[in-house]
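Below are the chains, spelled out letter by letter.
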Amino acid sequence: MTVAAGFGYVLISLGPALSLFVSVIAKKPFLILTLLASMLFWLISLIVLSGAWRGFLPLKSASWWPYVILIVTSVGFQEATRLIFWKLYKKLEVILDAFAEEKFRSRLSWTDKMQIALAGGLGHGVAHAVFFCVSLLTPSFGPATFFVDRCSHMPFFLVSAIISLGFMIIHTFSMVIAFNAYAEGRKLDQIIIPIIHILAAVMTLINLAPGGCAIGVPLLYIIGGVVLRHCWQMVWRKLTEQGNRQRNSSDIHVS
Amino acid sequence: MQRSVLDSLGVEIIGVISPVSICMLLVVLLVSTLSPSASDSAAAAASATTAATLVYDESPSDPPGRRLAGALLNAAAFVALITAATTLLVVLYYYRFTGFLRNYVRFSAFFVLASMGGSILLSLLRAAAFPLDAVSALVLLLNLSAVGVPAVLSPAVPVLLRQAYLVALAVIVAAWFARLPEWTTWTLLIALALYDLAAVLCPRGPLRVLVELASSRDEELPALVYESRPASASVSHAVAALGSVELQPVEPAPPNPTLSNRNVDPDRTIVEIESLEEETSPLVPNEPSSSGSGDARQQDIAAEREREREGERNQDPSSSSSLPGLAFESDAFDTSRGIRLGLGDFVFYSVLVGRAAMYDLMTVYACYLAIISGLGCTLILLSICRHALPALPISITLGVGFYFLTRLLLEPFVVGASTSLVMF
């Protein structure tokens, strides 16, 4: 609508990511590199997906089941890339630990690992927001706006910005949960993450129904809230565990 | 908070990626704000004849076969021109015309800032309808250009100013190059990547000869080099490295357009690029000193060397400068890894991203990620290979590949999904 509105949409979808970046990631160069690497991963997975689906596009928008297949295959592929990302990270962790031993006489702490996971997740989330939302926002800097038939409550740009914000939260924190689950071998968490991803993607299918976005978007945010809470619980548990461990070791020292 | 390995790892890489990103961002902004307005005015509608369009002047109405053939001819002519210019450079350097070369760098820096920068400033003022009168604008422009000359060449200028001027030079040259027609731009980029590969790695390549000449003389060539953390001002010459010597050939001076009204035809502005010696400076690896180096600061080593470069040497990829920059890194001294990138690398990365910006923002992001990852790969290779490497090939290949993949595959997929509000 105007430059101000355009910037507003960009900030809606990327604002929390920007604040996360500035407060946590910008200080540590390695995390910036992790962010860029995970963005690249997500982009490559998206290109492969679009290459695979190119022959079938454009989908007939009347029926909804082609979209279901699209989403299930896409989410499955992205979860597979998450696994590959984890494996690569494990290899890198060995090198990092060796480096840390040499320079600092200590290994990577669990906060370091969580920060790397956060940077990885943020990379996925930002790449999603950029490719699905921000790259389409160029017309919004101009004088007009655009409404989609199925969701005529608000401009298309606003809806897509809100949805991409929800997905950014889900991607970021599910990566933290996933890395922790792979590290500790917690099967429940490992399975829940892909399920949540598929659920969230399927929620957006509700948007296909006319007027459905009024239901789909709040449901998406409920899922985002669930992911946030789960991540918080996990972090809290680890904090208390580490706190107890340190207290125990210091007790041993004293006595 | 205790220091962790995450704090220190990768500082130099970020020190290179940040200016490259800033340069690309500025070029994208310039291209996207100026090209719609430029297409309106009649002067811009007339194609600028540059050295790159000598053979074939592309116009959108030609059939694809003719365009491709014409673009290839253009690229071949351009690369031939650059090879000739670089060879001239090598010859001049061999016969020790260093003073001439330094003055040429100064002149070309001033000229680029004043004339090409001036025309961009004019377009920006026109686009923004900014109320600045001609006299003030002229004074401002001349002053800025005059400050730019010592800023890029002399070591006594504050680092931030020098880096800012180098980035500004790269932005101006890249914005100029982005005006080339589309097919010519893409073939030119690929041809330059191949040329860079050949010039730096072949035993008889001009850049490699330059690098070896400079290393054999133990000299530092005056060059436009981007350094993220330059050496202190007191040391003006590089010290021969203990082990790996890293040379960074700097790119030769940016094209010097001389406006000459050869043609009586008022619609065409012939911009002649006199010496377009674009060399992409190879990245010079700077080896991190291993643990023992702390103590080994070296008096003994200092005794051996005549001149020592203090401080940390970072390698910056340097860009265009008419003289190759030679950076000697000593293993024992360097405690940090620095990277120098040639200004020509800046220019051509930005040209790629600028051309991607003319299509859509999605291609911009994809090409940005591709170029940055190519740069990262090159830097990693640099730390393994320990000798001068061309910075263009991997990034340009990835960038061009991602551009076409995004344009053909990604965009229908993502736009179709996103406008139906189906996201994953």
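Quick caveat, the model's predicted, so the values are computed rather than measured.

## Details of the overall build of chain A
Phase 1: Across its full length, chain A holds seven helices and zero strands.
Phase 2: Each helix and strand of chain A, placed in order from N terminus to C terminus, yields the pattern α-α-α-α-α-α-α.
Phase 3: Seen along its three principal axes, the alpha-carbon backbone of chain A occupies a region of about 70 × 40 × 30 Å.
Phase 4: For chain A, the residues scored as buried account for 50% of the 255 residues in total.
Phase 5: Here the analysis covers contacts within chain A between residues at least 6 apart in sequence; of these, 77% occur between residues at least 24 apart.
Phase 6: Accessible surface computed for chain A: about 12,100 Å², of which carbon and sulfur atoms make up 72%.
Phase 7: Of the side-chain charges in chain A, 20 are positive and 11 negative, and the distance between the mean point of each set is 5 Å.

## Quick word on a nonpolar patch on the surface
Phase 1: Among the surface-exposed residues, B:V91, B:Y94, B:Y95, B:F97 and B:F100 lie close enough to one another that they form a single nonpolar patch of about 550 Å² accessible area.
Phase 2: Residue position: B:F97 is located in the loop between α4 (64–94) and α5 (98–128).

## A look at the nonpolar core
Phase 1: In this structure, A:L46, A:F131, B:F177, B:F346 and B:Y349 are the most contacted members of the largest nonpolar core, which totals 180 residues.
Phase 2: The leading source of residues in this core is helix α5 (residues 156–184) of chain A, at 17 residues.

## Points about the side chain of A:E93
Phase 1: Structurally, A:E93 can be placed in helix α3 (residues 65–104).
Phase 2: For A:E93, a relative accessible area of 9% gives the class buried.

## Some points on the pattern of salt bridges
Phase 1: In the structure shown here, the tally under the stated rule is 10 salt bridges over all chains.
Phase 2: Across the pair A:R237 and A:E241 runs a salt bridge whose closest N-O atoms are separated by 3.6 Å. Here the residue A:R237 and the residue A:E241 both occupy positions in helix α7 (residues 213–254), the gap between them amounting to four residues, near one helical turn.
Phase 3: On the basis of relative accessible area, A:R237 is assigned to the partly exposed category, the value being 24%.
Phase 4: Among the ionic pairs, B:R407 bridges to B:E182, the shortest N-O distance being 3.3 Å. One end of the pair, B:R407, is in helix α13 (residues 392–419); the other, B:E182, is in helix α8 (residues 182–201), and 225 residues separate them in sequence.
Phase 5: You can call B:R407 partly exposed: its relative accessible area is 28%.
Phase 6: For B:E182, a relative accessible area of 27% translates into the label partly exposed.
Phase 7: Look at the salt bridges and you will find they share partners, linking A:E184, A:R186, A:D189, A:R237, A:K238 and A:E241 into a network.

## Quick look at the packing of helix α11 (residues 343–357) of chain B against helix α12 (residues 361–385) of chain B
Residues and elements named next belong to chain B.
Phase 1: In the contact formed by α11 and α12, the axes pass within 8 Å of each other and the chain directions differ by 160°. Regarding the angle of α11 to α12, the classification is roughly antiparallel. Seen along the crossing, α11 lies across α12 with a hand that is right-handed. From α11, Y349, L352, V353, A356 and A357 reach across to α12, where they touch T363, V364, C367, I371 and L375.
Phase 2: Class assignment for the residues of the contact of α11 with α12 results in nine nonpolar, one polar and no charged.

## A word on the interface of chain B and chain A
Phase 1: Across the boundary between the two partners, chain B contributes 39 residues, which contact 56 residues of chain A.
Phase 2: Here chain B and chain A share zero salt bridges between them.
Phase 3: Those elements that provide at least two residues to the side of chain B that touches chain A are α1 (5–8), α2 (11–40), α12 and α13 of chain B.
Phase 4: Top element by residues in the side of chain B that touches chain A is α13(B). It accounts for 13 residues.
Phase 5: Along the lines of polarity and charge, the residues of the side of chain B that touches chain A split into 28 nonpolar, eight polar and three charged.

Each value, and the rule that gives it
- Position numbers for residues count from 1 along each chain, tracking the sequence in the order it is written.
- Written order decides the labels, with chains lettered from A and ligands numbered from 1.
- For a predicted model such as this one, the threshold for reporting local features is a pLDDT of at least 70, and the threshold for listing and counting side-chain atom pairs is 80 or more; totals across whole chains, interfaces and linings nevertheless cover every residue.
- As a convention, hydrogens and water are excluded, and side-chain values are obtained from all of the structure's heavy atoms.
- Where helices and strands are cited, they refer to DSSP runs of H or I of at least four residues and of E of at least two residues respectively, numbered from the N terminus.
- For the exposure calls, accessible area comes from a 1.4 Å probe over protein chains only, and a residue counts as buried if that area is under 20% of its type's maximum, exposed if over 50%, partly exposed in between.
- Two residues qualify as a contact provided that any one of their heavy atoms is within 4.5 Å of a heavy atom in the partner residue.
- Shrake-Rupley sampling with a 1.4 Å probe provides the accessible areas, and residues are treated as covered by the protein chains on show and by no other component.
- Positive charges come from Lys and Arg alone, negative charges from Asp and Glu alone, with His and the N- and C-terminal ends not counted.
- Here the site of a charge means NZ on Lys, CZ on Arg, CG on Asp, or CD on Glu.
- To count toward a patch, a residue needs a relative accessible area over 30% and no salt bridge; like charges are then connected within 9 Å, while nonpolar side chains (Val, Leu, Ile, Met, Phe, Trp, Tyr) are connected within 5 Å.
- The salt bridge criterion pairs a side-chain nitrogen of Lys or Arg with a carboxyl oxygen of Asp or Glu, the two atoms within 4 Å.
- By convention a nonpolar core is built from buried Ala, Val, Leu, Ile, Met, Phe, Trp, Tyr and Cys residues, the set being connected through side-chain atoms within 4.5 Å.
- Structural elements are reduced to axes, namely lines fitted to C-alpha atoms, with helices fitted over the stretch in contact, and the angle between N-to-C directions of any two is expressed from 0 to 180 degrees.
- Every angle not falling under 35 degrees, over 145, or within 65 to 115 is termed oblique; those three ranges are roughly parallel, roughly antiparallel and roughly perpendicular.
- Crossings are classed by handedness, with left-handed meaning an anticlockwise turn of the near helix from the far one by less than a right angle and right-handed meaning a clockwise turn.
- Each residue is assigned to one of three groups, with Ala, Val, Leu, Ile, Met, Phe, Trp, Tyr, Cys and Pro labelled nonpolar, Asp, Glu, Lys and Arg labelled charged, and all others, Gly among them, labelled polar.

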